[in-house]
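# Report on the structure
Residues per chain are reported as follows:
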Amino acid sequence: MKLFFIVDDSIQANPYTDESELICWHYDHVSGKTVKGVCFLTGLYYGDGTSVHAGIELVTKPIKTVNNKGKQVRKASKSKNTLFREIVGHGFNNLDFKY
């Protein structure tokens, strides 16, 4: 029996909502442009036809900075890579799968 731990990032677009540290601009690889919305990372444990939700992290951007064009932008305090590693680490410590 093969067991899988799948991680993915998604964006739920909220174009008409006021910007905040949770609802802000993220690059969407599907559309090839930035969209305003909520970005979240998920972990899924899958094996033998059964899937179990194993983790979720919301991407927040609490740090306000100015980019090189003089426009105010938001930055995350943790990168997506770090958040993915936390999800995988949590799964690795609590679930039975091989890396």
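Remember, predicted model here, so these are calculated numbers, not experimental data.

### A few points about the overall build of the chain
Regarding its fold elements, the chain presents 1 helix and 6 strands. The globule rule puts the C-alpha radius of gyration for 99 residues at 13 Å, and the 16 Å found for the chain is more than 25% above it. Dimensions of the chain, computed from C-alpha atoms along their principal axes, come out at roughly 55 × 25 × 20 Å. Within the chain, the proportion of its 99 residues that are buried is 24%. The long-range fraction of contacts in the chain, counting pairs at least 24 apart against all pairs at least 6 apart in sequence, stands at 48%.

### Focus: unusual backbone geometry
A positive phi is found at Asp 48, a non-glycine position, where the angle reads about 55°. Mapped onto the fold, Asp 48 is located in the loop between strand S3 (33-47) and strand S4 (50-59).

### Some thoughts on a nonpolar patch on the surface
Taken together, the side chains of Phe 4, Ile 6, Leu 44 and Tyr 46 present a nonpolar region at the surface, about 330 Å² in accessible area. Structurally, the position occupied by Ile 6 is in strand S1 (residues 3-13). Judged by its relative accessible area of 40%, Ile 6 falls in the partly exposed class.

### Digging into the nonpolar core
Residues Phe 5, Cys 39, Leu 41, Tyr 45, Ala 54, Val 59, Leu 83, Phe 84 and Ile 87 constitute the largest nonpolar core, which totals 9 residues. Elements supplying a minimum of two residues to this core: S3, S4 and helix H1 (80-94). Phe 84 has contacts with Val 7, Asp 8, Asp 9 and Leu 41, leaving out every residue within four places of it along the chain.

### Some details on H1
Think of an α-helix as turning once every 3.6 residues; residues three or four places apart then point the same way. Counted at 1.5 Å a residue, the expected span for H1 with its 15 residues is 21 Å, and the 21 Å between its end C-alpha atoms agrees. Turning to H1, its buried residues number three or more, namely Leu 83, Phe 84, Ile 87 and Gly 91. Across the axial projection of H1, the buried residues extend over an arc of 105°, all falling on one side. Residues of H1 that are exposed and point over 90 degrees away from its buried face: Arg 85 and Asn 93. The secondary structure elements touched by the buried residues of H1 are S1, S3 and S4.

Definitions and cut-offs
- Residues numbered from 1 in each chain as written.
- Predicted model: local features only at pLDDT ≥ 70, side-chain atom pairs only at ≥ 80, totals over all residues.
- Heavy atoms only, no water.
- Helix = DSSP H or I, 4+ residues; strand = E, 2+ residues; numbered from the N terminus.
- Rg over C-alpha atoms; globule rule 2.2 N^0.38 Å.
- Buried < 20%, exposed > 50% of the residue type's maximum accessible area, 1.4 Å probe, protein only.
- Contact = heavy atoms within 4.5 Å.
- Patch = residues over 30% accessible without salt bridge, like charges linked within 9 Å, V, L, I, M, F, W, Y side chains within 5 Å.
- Areas by Shrake-Rupley, 256 points an atom, 1.4 Å probe, with all protein chains shown as cover.
- Salt bridge = Lys/Arg side-chain N within 4 Å of Asp/Glu carboxyl O.
- Core = buried A, V, L, I, M, F, W, Y, C linked by side-chain atoms within 4.5 Å.
- Expected span 1.5 Å × (residues − 1).
- Arc of directions from axis to C-beta.

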